[in-house]
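Structural overview
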Amino acid sequence: MGKIVLITGGARSGKSEYAQQMAEKISGTRMFIATCPISDKELEERITKHREARKNKGWETIEETIDLKDSIQQAREYDVVLVDCLTLWINNLMYNEINNAMALDEKRVDDLCGGIVYEARMATGTVIFVTNEVGMGIVPDNETARRYRDLLGRCNQIIAASADEVILMVCGMPVPIKCS
């Protein structure tokens, strides 16, 4: 049965770096599941920087913006799987919904998250999820942003409830919220 770790925090709080360091302390095979689509030059440069940080450290990579369940299933025999990040995954699902006229609501997020939790539990090693905590700021001023906040918040709640460990990153410092 796979171990699930959720690392959350604000933007630029050190989540991804901490998650990678945690993963690299686990011996064995490593899979990185990247959810970020390349949409502009600046984002492409960030992705390149992240790829360089994993270079020569035993990482394999799956780039998947929508089907996390299948990607985690593909990686289930790895000793550690790092999914970075759920924040962009929800964004991608919302974008996909607009382009494909597919309803994305909290029930659909429940179902999708249930599927990825199931696959993470079927893994032989540790699955680390990275996400942003977006519920600590002001209420967004428009319906789309509020809906995004709500859907990501629901996703985070489902993963956190199932996780063995939850870590909140604050100013680059890990604060354990839930420990196994």
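The following paragraphs examine the structure supplied in this document. Every chain's residues receive numbers from 1 upward, in the order its sequence appears when written. In keeping with the predicted nature of the model, local features appear solely for residues at pLDDT of at least 70, side-chain atom pairs appear and are counted solely at 80 or more, and the whole-chain, interface and lining totals rest on all residues. Values shown for side chains rest on all heavy atoms present in the structure; no hydrogens or waters enter the calculation.

Quick look at the environment of Gly153
Every helix listed is a DSSP run of H or I at least four residues long, and every strand listed is a run of E at least two residues long, numbered separately from the N terminus. For Gly153, the location among the structural elements is in helix H6 (residues 143–162). According to the relative accessible area criterion, Gly153 is partly exposed, its value standing at 21%. A sequence separation of 63 residues divides Gly153 from Ile90, and the C-alpha atoms of the two residues are 9.9 Å apart. Note on classification: 1.4 Å probe, protein chains only; a residue is buried when its accessible area is under 20% of the maximum for its type, exposed when over 50%, partly exposed between these limits.

Comments concerning the packing of helix H4 (residues 86–100) against helix H5 (residues 106–122)
Relative orientation of the contacting elements H4 and H5 amounts to 135°, with a least axis distance of 13 Å. Taken together, the axes of H4 and H5 are oblique relative to one another. Regarding H4 and H5, the two cross each other, and that crossing is right-handed. Here H4 contributes Leu86, Trp89, Ile90 and Leu93 to the contact with H5, which in turn contributes Val109, Leu112, Cys113 and Ile116. Each residue gets one of three labels, nonpolar for Ala, Val, Leu, Ile, Met, Phe, Trp, Tyr, Cys and Pro, charged for Asp, Glu, Lys and Arg, and polar for the others, Gly among them. Residue classes in the contact of H4 with H5 are distributed as eight nonpolar, no polar and no charged. Under this scheme, a helix contributes an axis fitted over its contacting stretch, all axes are lines through C-alpha atoms, and angles between N-to-C directions fall in the 0 to 180 degree range. Small angles under 35 degrees read as roughly parallel and large ones over 145 as roughly antiparallel, with 65 to 115 read as roughly perpendicular and the rest as oblique. Left-handed describes a crossing whose near helix is turned anticlockwise from the far helix through less than a right angle; right-handed describes the clockwise counterpart. The contact criterion used throughout is that any non-hydrogen atoms of two residues lie within 4.5 Å.

Remarks on the nonpolar core
Grouped together as the largest cluster of nonpolar side chains are 33 residues, with contacts concentrated most on Leu86, Trp89, Phe129 and Ile159. Those elements that provide at least two residues to this core are strand E1 (3–9), strand E2 (30–34), helix H3 (68–74), strand E4 (80–84), H4, H5, strand E5 (126–130) and H6. For this core, the leading source of residues is H5, giving six residues. With residues up to four places along the chain from it excluded, the contact list for Ile159 reads Leu6, Leu86, Cys113, Ile116, Val117 and Phe129. We define a nonpolar core as any set of buried Ala, Val, Leu, Ile, Met, Phe, Trp, Tyr and Cys residues linked to one another through side-chain atoms lying within 4.5 Å.

Let's talk about the packing of H4 against H6
Between H4 and H6, the least distance of the axes is 10 Å, while the angle of their chain directions is 130°. The orientation of H4 with respect to H6, classified from their angle, is oblique. Here H4 runs over H6; the crossing is right-handed. Contact with H4, carried on its side by Leu86, Thr87, Trp89, Ile90, Asn91, Met94 and Glu97, involves Thr144, Arg147, Tyr148, Leu151, Leu152, Cys155 and Ile159 of H6 and no other residues of that element. Split into classes, the residues belonging to the contact of H4 with H6 amount to nine nonpolar, three polar and two charged.

Quick notes on helix H2 (residues 41–54)
The periodicity of an α-helix, 3.6 residues per turn, causes residues three or four positions apart to be oriented the same way. A helix is expected to span 1.5 Å for every residue after the first. Compared with the 20 Å implied by 1.5 Å per residue over 14 residues, the 20 Å span of H2 between its first and last C-alpha is a close match. Listed in full, the buried residues belonging to H2 are Leu43, Ile47 and Arg54. For H2, the angular spread of the buried residues around the axis is 40°, confining them to a single face. Facing away from the buried side of H2 by more than 90 degrees, the exposed set consists of Lys41 and Lys49. Elements that come into contact with the buried residues of H2 comprise helix H1 (15–24), E2 and strand E3 (59–63). The N-cap of H2, judged by a side-chain oxygen 3.2 Å from the amide nitrogen of Glu42 a few residues on, is Asp40. Positive backbone phi, at 60°, marks Asn56, one or two positions downstream of H2. Read the arc as the range of directions from the helix axis to the C-beta atoms. In the analysis that follows, any N or O atom pair within 3.5 Å is treated as a polar contact, provided that within protein one partner can donate a hydrogen and the other can accept it, and provided that, for residues neighboring in sequence, both atoms belong to side chains.

Describing the sheet that holds E5
In sheet architecture, strand pairing relies on hydrogen bonds along the backbone and comes in two forms, parallel and antiparallel. A sheet is described by the order of its strands in space; here seven strands give the open sequence E3-E2-E4-E5-E1-E6-E7, paired in mixed fashion. Lying at the two open borders of the sheet, with one neighbouring strand each, are E3 and strand E7 (173–178). Mean inter-strand twist for the sheet, computed between neighbouring axes without regard to direction, equals 20°. For two strands to be treated as a pair, DSSP must find no fewer than two bridges joining them. In the sheet, E4 pairs with E5 via five bridges, with the strands oriented parallel. Note that in E5 the partner of Val81 across the bridge is Val127. With respect to the sheet, H5 is in contact with E1 and E5, its orientation differing from that of E1 by roughly 130°.

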